[in-house]
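What the coordinates show
Residues per chain, in single letters:
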Amino acid sequence: MVYIFAAHKGEVEHLIKKLSLGKRKTSFPFLQYEGEEILLTITGQGQINASASVASTLQEEKAKKGDILLSLGSAALILGKNRTASEELMGRWFWMQSLEQESTGRKFYPDLLYKPDFPEAGLITGDKILELDSMGNRDTVSKGHSDSEGVSGFSNTLLYDMESAAVFQAANFYLAPEDFFFLRCVTDFGVSPDEEKMPFSPLSRQERMQALLQKEEDKVLRFIVFLQEKSKERRKEEEGELAFRQQLQSLSESLHCSFVMEKQLERLLRYAFLQGISAEEVREYLERYFGRQNSGNDALQDAENGAKEELLKGVGKDIDKQGRLTLIDKRAGKKALSSLKEWILSERILQVKCHGSGNLLQIHDNDSEVISPIPCERSGITLPEGKCEKSYPYQEHFRHIYVEEALLQSPETKGILQKFPKAKVIPIKHYKDVFNRKKQGRLAQSHSRKLILAKKEGQRLYDGAVVCQDFSESHFCYTSLLMNCPFHCAYCYLQGMYPSSNLVMFLNLEDYFADCRKWIAEKGSLYLCISYDTDLLAMEGIYPYVEEFARFLNQENALRIEVRTKAGGEGLWRKMQRLPLSSEGRKRMIFAFTLSPEEIIEEAEEGTARLSSRIFAIQKALEEGYLVRLCFDPMIYHPRWKELYGALLQEVFEKIPMEQIHDCSLGSFRISESYLKAMGKALPHSPHTQFPYENTGGYYHYPKELMEEMEGFLYSRLLERLPKEKIFRWDSQEVDSVNEK
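Cut-offs and rules
Residues numbered from 1 in each chain as written. Predicted model: local features only at pLDDT ≥ 70, side-chain atom pairs only at ≥ 80, totals over all residues. Heavy atoms only, no water. Helix = DSSP H or I, 4+ residues; strand = E, 2+ residues; numbered from the N terminus. Buried < 20%, exposed > 50% of the residue type's maximum accessible area, 1.4 Å probe, protein only. Areas by Shrake-Rupley, 256 points an atom, 1.4 Å probe, with all protein chains shown as cover. Pairing = 2+ DSSP bridges. Axes fitted to C-alpha atoms, helices over the stretch in contact; angles between N-to-C directions. Contact = heavy atoms within 4.5 Å. Phe/Tyr/Trp six-rings, centres within 6.5 Å; stacked < 30°, edge-to-face > 60°. Lys NZ or Arg CZ within 6 Å of the ring centre and 35° of its normal. pLDDT = per-residue confidence, 0-100. Core = buried A, V, L, I, M, F, W, Y, C linked by side-chain atoms within 4.5 Å. Salt bridge = Lys/Arg side-chain N within 4 Å of Asp/Glu carboxyl O. Parallel < 35°, antiparallel > 145°, perpendicular 65-115°, else oblique. Left-handed = near helix turned anticlockwise from the far one by under 90°.

**Comments concerning the overall build of the chain**
When you go through the chain residue by residue, the secondary structure sums to 26 helices and 30 strands. Burial statistics for the chain: of 741 residues in total, 56% are counted as buried. Summed over all atoms, the accessible surface of the chain reaches about 31,800 Å², with 49% contributed by carbon and sulfur.

What follows is the structure, given as structure tokens:
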């Protein structure tokens, strides 16, 4: 549903007619008009009316995430000291990129995912009608506008209304910010104190406003139709989910599932459907092995099928002649559920591959070589042809860059912005105002990711997590210089860790260096992973994190640094050549390359370097005198995993001098319970979030037998070329011992 809100009927009267909306006859306290997939509400003037009408409407309609909000209306153009009145802007509609509540100073940020036909502007929401000169004598309206002076990409257009900030706050209890759209038409520059003496009557002023609102009415109508079509698509998705729920409920009742069993069944069915196994095939399998085809001759059938007697013990006796599945009790249901899981994992080949949107941001270094495509997150399903993307395509990645006000004039910020001359810069007070908003949708945001430049406060060094290997280092720590990763691996735990797909870059490196010095002074040494939960090398073309840490490494002899990456190719090699490190320093910088079979890279590691490019970079890193770690971690399940990982090792052994490798790590996929739960909600159609994992001590992993087989296979093959002292294998028992402590 598209929920449209306007303060006055006069602001949308012509749109109501063009959209053929009918007046809703109810006792609801606010005037409403409805049509296909549209409900338009007249809120009344001011923030109290706006918040009351939005909240009551969305509550009454049982609005939910996935519904769309469009706020329409008139606005005044603020004329600050450095702004001049322009009649050309009168009647222009603007798309709001930020909303500031004047009374509190709080700012709110709708997501800007699409490319509509409207220019962008900021907006201030006040408590009274704007007087013409009330802001004109100020140098600035807010701190962000002051600090942004001289910053390229900054929008100087600022509007004023009395509702928008309240609409955002009320709606965000129900809807997601990627589905908020605020459009405002410039109709005045504020109210003049002498307006009563103006030579035109109140009626003519109203007519003039109507004329201005209709000046670009066709553009507004096109955008509303676009939102209508988007709502229809989502309605179809909801119908598909409802059908799945009905299938799930039917099977759950047949299997006598408990609450926990039903959750297991749901995950199993979602995974099966992503493999291309239909609901009919699942039921057919269960009926074949757990149903009776002839209810009138049970004894004879049991005698003829003695080999299946144990399997059929739990089958009910009241089965219809079509072999409908009915089991006696929960014990029989568990047996059927276990058998179904084994069949799905062993008999079928994964058919559905994860697809991205094809919207990649190409990051270039000084040599003009592509370093990092920034992909969208994978839903596990192919997007419909055209439709919303055809009408209004997604914005390119990093087309909007949010910058904390304290960093607007920093040389680091200016250097980054120069690399994105077409980007629009939006000042923010704190990165969490954008990154930590309520009800964000990672999948939607991944089609148009935003860059956020920030300063990291508080703790900056962290102890390594129990699911990660410490390589016997006594002072193993990691640091987060980025939040989220420029690459997108479909199985990455960051999708469950962070609420947003947007990328945060922390630029206060000197504070990180100070923390490292303090740690070394207290502990004596430090092993620091600077690319622990991201890929810094992929961002080197935007900001030289690794180069700066290399300089710092030369100064600290008690420091060792690990750089984990899935990058590769000649561009990476040239970067390693240029790093300002002595030969001794290169022995204290470890490049840890994650290696996966090519088919896994194509299916689940979107945007990363191909296997051949990673191997090339490994060869060159060894030639340059760096320590190199090979990480076969995480191993990702595939129905042909043994074949794929066997071919991977064969290529590695042929092309990499294993005797020069510092060490290796291996481990199958594992993830914390809380992260997987969040990932499942964010990406319900991904086989990596719906796999039927097992839970040990709060961490999900592959079924124990499968996990041991996969890791044991790789470990035994590595032992052919490396001493066991150089092979680090993740041990789930360590997690158990940590949990016990």
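**Let's talk about the sheet that holds strand 26 (residues 663-668)**
Read from one edge to the other, the open sheet built from eight strands follows the order 16-17-21-22-23-25-26-30, with strand pairing classed as mixed. Strands with a single pairing partner mark the edges of an open sheet, and in this sheet they are strand 16 (461-463) and strand 30 (727-729). For this sheet, the mean angle separating the axes of adjacent strands, direction not counted, is 25°. As paired elements, strand 26 and strand 30 share three bridges and run parallel to each other. Paired with Cys664 across the bridge in strand 30 is Ile727. Packed on one face of the sheet, helix 25 (residues 704-719) meets strand 25 (627-635), strand 26 and strand 30 and runs near 165° to strand 26.

**Details of the pairing of strand 1 (residues 2-6)**
Strand 1 sits mainly inside the fold: five of its five residues count as buried. Side chains Val2, Ile4 and Ala6 project from strand 1 onto one buried face, and the interleaved Tyr3 and Phe5 project onto a second face that is buried too. Sheet topology note: the strand 1/strand 5 (residues 68-77) ladder contains five bridges and is parallel. Within strand 5, the position partnered with Ala6 by the bridge is Leu72.

**Comments concerning the sheet that holds strand 28 (residues 694-696)**
Backbone-to-backbone hydrogen bonds join strands into a sheet, with any given pair of strands oriented parallel or antiparallel. One open sheet holds the three strands; their spatial order is 27-29-28, and the pairing between them is antiparallel. In the strand order of this sheet, the two ends are held by strand 27 (670-672) and strand 28, each with one partner. Between one strand and the next, the sheet's axes are offset by a mean angle of 30°, whatever the strand orientation. Where strand 27 and strand 29 (residues 699-701) come together, three bridges link them in antiparallel fashion. Residue pairing across strands places Ser672 opposite Tyr699, the latter belonging to strand 29. Against the sheet, helix 23 (residues 673-682) makes contact with strand 27, strand 28 and strand 29, and its axis sits at roughly 90° relative to strand 27, the strand it touches most.

**So, the packing of aromatic side chains**
Overall, the coordinates contain 41 aromatic pairs when judged by the stated rule. Plain terms: the ring middles of Phe223 and Tyr392 are 5.5 Å apart, the flat faces sit at 75° to each other, and that makes the pair edge-to-face. Taken together, the residues Phe223 in helix 6 (residues 217-254) and Tyr392 in the loop between helix 11 (388-391) and strand 13 (400-404) connect sequence positions 169 residues apart. Here Phe223 matches Tyr392 in class, with each residue buried. Among the aromatic residues, those joined into a ring-pair cluster are Tyr114, Phe118, Phe181, Phe223, Phe226, Tyr392 and Tyr394. A cation over a ring is seen here: Lys438 above Phe173, with NZ or CZ 3.7 Å from the ring centre. It is Arg460 that lies over the ring of Tyr512; its NZ or CZ is 6.0 Å from the centre.

**Let's talk about the confidence of the model for the chain**
Residues at a pLDDT of 70 or more form 81% of the chain, whose mean pLDDT is 84. Here residues 136-141 is a poorly scored stretch, pLDDT under 50, and it has 15 contacts once near neighbours within four places are set aside; other chains count.

**Topic: the nonpolar core**
Counting residues in hydrophobic clusters, the biggest one holds 173 residues, and the most contacted among them are Leu72, Met505, Phe549, Met589, Leu630, Phe632 and Tyr702. The leading source of residues in this core is helix 6, at nine residues. In contact with Leu630, other than residues within four places in its own chain, are Phe593, Leu595, Ile618, Val652, Ile656, Met658, Ile661, Asp663, Cys664 and Ser665.

**Describing the pattern of salt bridges**
With the rule as written, the count across this model stands at 46 salt bridges. Notably, a salt bridge pairs Arg92 with Glu216, separated by 3.4 Å at the nearest N-O pair. Here Arg92 is found in the loop between strand 5 and strand 6 (93-101), whereas its partner Glu216 is found in the loop between helix 5 (202-213) and helix 6, with 124 residues between them in sequence. You can call Arg92 partly exposed: its relative accessible area is 27%. For Glu216, a relative accessible area of 13% puts it in the buried group.

**Section: the packing of helix 2 (residues 47-60) against helix 4 (residues 164-171)**
The geometry of helix 2 relative to helix 4 is characterised by a closest axis approach of 8 Å and an angle of 30° between their N-to-C directions. With respect to helix 4, the element helix 2 is oriented roughly parallel. For helix 2 against helix 4, the interelement crossing comes out right-handed. When helix 2 is examined against helix 4, the residues Gln47, Ala50, Ser51, Val54, Ala55 and Leu58 are found in contact with a partner set consisting of Ala166, Val167, Ala170 and Ala171.

**Observations concerning the environment of Ser74**
With respect to the element layout, Ser74 can be found in strand 5. Setting aside residues up to four positions removed in sequence, Ser74 forms contacts with Glu11, Asp161, Arg184, Cys185, Thr187, Met209 and Leu213.

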